Every structure is written in structure tokens, then in C-alpha cells.
Protein chains: 2
Amino acid sequence: MTPGDDAYPRIRLYDIRKACSTCSLRELCLPVALGREDTEALDHIVERDHPLRKGDKLCRSGQPFAAIYTVLSGSLKSSTQGENGEDQIIAFHLPGELVGLDAIGAGRHHSTTEALETTSVCKIPFSRLEELSRQIPGLQHQLLRIMSKEIFDDHELLQVVARRSAEQRLAILLLNLSQRFGRRGLSRTRFRLPMSRHDLGNYLGLAPETTSRVFRRFLTQGLLSVTGKEIEFLDLPALQALTESPSAPPRSSKQG
Amino acid sequence: MTPGDDAYPRIRLYDIRKACSTCSLRELCLPVALGREDTEALDHIVERDHPLRKGDKLCRSGQPFAAIYTVLSGSLKSSTQGENGEDQIIAFHLPGELVGLDAIGAGRHHSTTEALETTSVCKIPFSRLEELSRQIPGLQHQLLRIMSKEIFDDHELLQVVARRSAEQRLAILLLNLSQRFGRRGLSRTRFRLPMSRHDLGNYLGLAPETTSRVFRRFLTQGLLSVTGKEIEFLDLPALQALTESPSAPPRSSKQG
DNA sequence: GAAAGTAAGTGATTCACGTCAATGACGCTG
DNA sequence: CAGCGTCATTGACGTGAATCACTTACTTTC
């Protein structure tokens with residue numbers, strides 16, 4: 001703890017003490033690979049604000065970039081807008097995940113991020129983070145690492161949207177969400193989708209009706225049960241098999 | 001870092017002197033926003049090797065990450081492999097553009113990059129670049145900037161693949177290539193596609209046959225002329241209009 | 001420079017998924 | 001808890017693009 005500035009930790013309103021050091025998500029979040037002391041240093045620059053309500057925007061495309069955020073509870077979606085006005089969801093953010101990395105460097109957001117439900121986030125002013133990362137070598141690297149992961153995830157999504165059938169797309173997303181819930185210690189086979197069917201479809205490049213129908217097919221095949229947004233996997237291996245099957249809309253590339 | 005050998009510019013074989021400072025691409029490449037002196041510092045860490053022949057691989061998915069590359073002449077494609085064995089081209093790289101950024105941080109490539117024709121690249125060992133970027137503040141920022149752009153480009157591609165018709169996809173790619181040729185002082189309306197129809201289709205999430213048919217349609221509509229890989233735009237405004245038109249396969253999201 | 005291999009173009013056919021339309025189920029708000 | 005709006009589901013239908021099958025045009029090779 002930097003001495004003397006007890007008065008200044010920028011944690012507002014909601015609990016004044018509980019930041020990264022005591023956060024249950026610290027193993028998933030920015031502090032990964034940071035020691036106790038370094039994590040405490042992070043505590044001092046993290047800010048918390050009112051929780052967002054469903055539909056509230058955390059940041060908008062075009063806005064100057066000032067901070068990155070981590071999700072504390074709830075969930076968000078980020079989307080970009082094409083020239084044609086259609087938007088495309090590029091990511092869903094669950095607790096422990098970082099938001100806003102794509103704006104680092106450009107100095108301006110190119111996506112809009114919106115809460116899918118009541119959501120709390122930690123705000124990490126970027127200038128202070130940069131400053132801190134000059135002192136903590138691991139942090140600088142961690143940042144690059146996370147950005148790199150963002151690129152990797154985008155490529156995976158591209159792969160899915162460009163080369164997979166509707167069933168595969170949905171299966172892949174559900175398994176991915178399952179993993180992410182599992183990482184937080186929640187059930188991997190039973191969870192609540194935070195997003196609407198519409199958003200689900202948009203993310204996967206499908207019409208909402210198609211999404212609905214694929215759910216129905218999974219249901220009748222006994223792969224899972226759906227009740228509104230509640231999902232329960234009944235046949236995980238079959239879902240995984242779907243994922244690996246080679247069938248896909250465009251065939252192309254087979255050269256090694 | 002590796003002590004002892006920092007005295008020697010690592011430029012091999014092909015011309016010993018000509019690196020960034022005198023490179024015609026320096027305004028497009030890493031040295032953007034660097035001063036004369038800093039650019040000269042870059043000179044000393046850049047390595048050049050034999051040019052690659054068509055089909056040669058610059059790096060493979062899974063390999064440890066050691067360096068980033070910039071294209072000096074020729075062109076490359078990067079692709080990822082899905083579990084199903086299908087690969088998806090995620091980017092084409094033209095002269096002045098950087099390759100391998102997605103591997104920073106993870107320490108390992110997640111894509112394979114291959115020459116589309118005879119191409120020369122500059123190799124920039126990452127450890128030395130990092131070292132240098134500690135001394136040159138602008139360079140660190142430039143790196144982040146370029147990574148951020150990579151994310152942005154991926155989002156654009158996603159937008160295109162997920163929400164656009166075959167005609168729109170091709171038009172968008174052609175216009176994008178045109179711009180990139182233009183930046184290098186080449187014609188924006190007449191150029192040679194470095195990649196096969198197959199690759200073109202793969203990148204856009206289309207079957208090669210579809211790509212071919214779309215070309216044919218453009219041809220009969222008088223939008224452009226195609227002779228093998230030679231392209232000439234005949235009606236640029238019409239192509240641009242295509243790009244902006246709102247029609248797209250999945251409709252979805254219209255909430256603001 | 002002929003043979004072989006690979007890439008490109010074209011037509012016929014099929015099918016997955018988008019679109020339109022109508023109904024039913026939640027989940028607010030008062 | 002009634003009334004409204006949004007979201008989800010389901011069906012009927014149309015279509016854009018994948019597939020399949022084949023021909024034609026380049027490259028590469030010996």
C-alpha cells in the first residue's frame with residue numbers, strides 16, 4: 001500500500017475496501033500472475049461506480065478511450081456498427097473478463113458496450129494502469145497477453161461464423177459459455193444465458209428464428225433442455241462431437 | 001538483452017545498409033511516427049533473409065513466437081485451423097504491413113503465414129524490439145496502436161462475413177485492397193490480385209465457385225473488368241454503393 | 001514443348017437458412 | 001392482476017449460395 005493516501009483510493013460509493021485483493025475473481029481477472037503486493041497496488045487505481053442497469057451503455061463507439069473495465073457481476077455485450085447500420089455483436093463479457101481493450105492505442109472506442117442485465121464493473125483508468133505497468137513488469141506483459149487473446153478470440157469467432165453450420169455455431173457458443181461459467185466455479189452443465197435469442201443469433205451471424213429452431217432440434221435430439229434462458233446439457237459428448245464434425249457450409253481449403 | 005552481439009546490425013545477405021531509414025515503405029510501416037534517429041535505431045535490429053518463394057511458410061501455428069515481420073515486397077496470407085481441419089484465412093499481408101502481432105503475449109503463434117508469391121520480409125526479433133521500445137516511448141505506443149488496429153480489422157472482417165451478401169463481401173474486399181495499393185502509390189483502379197480465387201473465397205467465407213460467379217456478375221454489370229488476376233475498376237461509385245446498401249443475409253439488431 | 005497437375009469458369013441441382021407472418025409466453029408498470 | 005410491449009416460438013415459403021460434375025485455361029515439370 002502506498003502510504004498516506006488512504007483518502008484517495010478511487011473506490012467510490014459501494015464498499016470502500018473490497019477491491020482486487022479480496023475479489024473472488026482475482027484469479028480470472030487482471031491480477032492473474034501478479035503477486036500480493038502488486039495486486040494491492042492495483043486496488044488503488046480501480047474505481048467502482050453505480051451498477052449499470054440492463055441496457056445502460058458502458059461506452060460508445062467513437063468515444064475517447066479513458067479506461068478499461070472488468071466485469072464484477074452481470075454481463076455485457078460489445079458490438080460494432082457497419083456502414084449499413086447493422087450492428088454485429090463481437091463479444092459477450094462475463095464476470096472476470098476485460099472490456100475495452102480494442103480501444104487501447106487507437107485512443108478511441110470502436111465498439112459500443114451495453115449491459116445485458118444489472119451489472120457491476122470495475123473501472124481501471126488507463127493512464128494510471130500504464131503508469132503502474134511501468135513499475136510492474138508482469139503487468140505490462142499481462143496486458144499484451146490479454147490483447148493478444150482478444151485477437152485470438154476474434155479469429156475463433158470468425159472461423160465459426162465463416163465456416164460452420166447453424167447447429168455447430170450454437171453448439172460451439174454454448175460450450176464456450178459453459179467453460180466460462182465453469183471457470184468461475186459454476187455449473188458447466190446448467191446455467192442461465194444472459195443474452196436474448198436475438199443477441200445470440202446476431203453474435204453467431206444467424207437470424208433469431210434460426211437460433212430458436214436449432215434450440216428446438218437440440219431439444220428433440222435430447223442434447224439439452226431449454227426453459228427460456230435456462231440451459232441444461234443432457235448429452236455433452238454429442239454436443240462436442242457436433243463441434244468437431246467436419247461438415248460446414250463453404251468447403252474450400254484442404255491444402256496443407 | 002543477449003549481451004555481446006548488439007554491435008552488429010542483423011541485416012544479412014541482401015544489402016547491408018538499406019533498412020528502415022531508406023525504405024520506401026517507412027511511412028506505412030513500423031517507423032510511422034518515429035523520428036529519424038529512432039528509425040535508425042530500428043535499422044539495427046531488423047534482419048533480412050532470403051526471399052520466400054510461393055508457398056513457403058513464414059511461421060506456423062503452434063510455433064514459439066520470436067519475431068514480428070513486415071512485408072517488403074510480395075504478399076502473404078495468414079490462416080487459422082479449426083478443430084474440423086478447415087482453415088480460415090484471417091488476413092492478407094501486403095508490403096508495409098506487419099505480420100505476427102497476434103502472437104505477442106501468448107508467446108506462440110496461433111496462425112500460419114504463407115507467401116502467396118515470391119516475397120521479401122523484414123524480421124524484427126521481438127525481444128530486441130521490446131528492449132528498444134523501452135527506450136523509445138513512441139514505439140511502445142505504436143505497437144499497441146498496431147495491435148489495436150488488428151483487432152479493429154478483425155471486427156470489420158467479422159462484420160462482413162456475418163452480415164453481408166456474397167456480392168457485398170467481394171466488393172468490400174476489392175475496395176479495401178484498392179485502398180491498400182493506393183497507399184503505396186499504386187493505382188487504385190487497376191491492380192493484380194496476389195491471391196487465388198480459392199483464397200479469396202476462403203477469406204470471405206464463400207465457395208470459390210461463388211466468388212467466380214460474383215466476378216462474372218460484376219463483369220456483365222460493367223462494374224469492373226477481370227483478366228485472370230488483373231482487376232480494373234470501371235464503375236467505382238457503383239461498387240461503393242453496393243458496399244453501403246443495407247441488404248444483408250441476417251437482418252437482426254436495429255435497436256439503438 | 002508435351003504431359004501432368006492445378007486453378008478457374010460454368011451450369012444444374014439442392015438445401016440451409018433467411019424472410020414473412022401469426023401466435024403464444026413472459027415480464028414490466030401502474 | 002390487468003394490460004401492454006417485448007421476446008420467443010413455430011410454420012410456410014423463397015432464395016442465395018453450396019455442391020456436384022464437368023470443361024477449359026494456366027503452370028509446372030522433365
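Going by the annotation in an unreviewed UniProt entry, the name recorded for chain A is Crp/Fnr family transcriptional regulator, with Litchfieldella anticariensis given as the source organism.

Attention shifts here to unusual backbone geometry. The residue A33 of chain B is not glycine, and still its phi comes out positive at about 75 degrees. Examined against the element boundaries, A33 of chain B turns out to sit in the segment before α1 (36–43).

All names here are of chain A. Along the chain, the position of N202 falls in helix α5 (residues 197–204). Distance from N202 to S79, taken between C-alpha atoms, is 9.7 Å for residues 123 residues apart in sequence. A polar contact of 2.7 Å, which involves the side chain of N202, links it to the backbone nitrogen of I89.

All names here are of chain A. Within this structure, the stated rule accounts for eight aromatic pairs over all chains. Relative to Y203, the ring of F92 has its centre 4.9 Å away and its plane inclined at 45 degrees; by these criteria the two rings are tilted. Here F92 is found in strand β5 (residues 87–93), whereas its partner Y203 is found in helix α5, with 111 residues between them in sequence. Of the residues examined, F92 reaches a relative accessible area of 4% and is grouped as buried.

UniProt's entry tags residues 164–237 of chain A with the feature "domain: HTH crp-type" (unreviewed entry), counted in the numbering of this structure. What you have in residues 164–237 of chain A is 55% helix and 15% strand, and the ends, taken at the C-alpha atoms, are 18 Å apart.

Residues and elements named next belong to chain A. Under the definition given, this model contains 22 salt bridges over all chains. Across the salt bridge formed by E97 and R180, the nearest N and O atoms sit 2.8 Å from each other. Note that E97 is positioned in the loop between β5 and β6 (98–99) and R180 in helix α4 (residues 166–183), a separation of 83 residues in sequence. Accessibility expressed as a relative area gives 15% for E97, which makes it buried. The buried category is assigned to R180, whose relative accessible area is 12%. Residues joined in a network through salt bridges with shared partners are E97, R180 and R183.

About the thresholds
Residues numbered from 1 in each chain as written. Chains lettered and ligands numbered in written order. Predicted model: local features only at pLDDT ≥ 70, side-chain atom pairs only at ≥ 80, totals over all residues. Heavy atoms only, no water. Helix = DSSP H or I, 4+ residues; strand = E, 2+ residues; numbered from the N terminus. Polar contact = N/O pair within 3.5 Å; in protein donor to acceptor, adjacent residues only side chain to side chain. Phe/Tyr/Trp six-rings, centres within 6.5 Å; stacked < 30°, edge-to-face > 60°. Buried < 20%, exposed > 50% of the residue type's maximum accessible area, 1.4 Å probe, protein only. UniProt positions renumbered as here; feature names shortened; annotations may be inferred. Salt bridge = Lys/Arg side-chain N within 4 Å of Asp/Glu carboxyl O.

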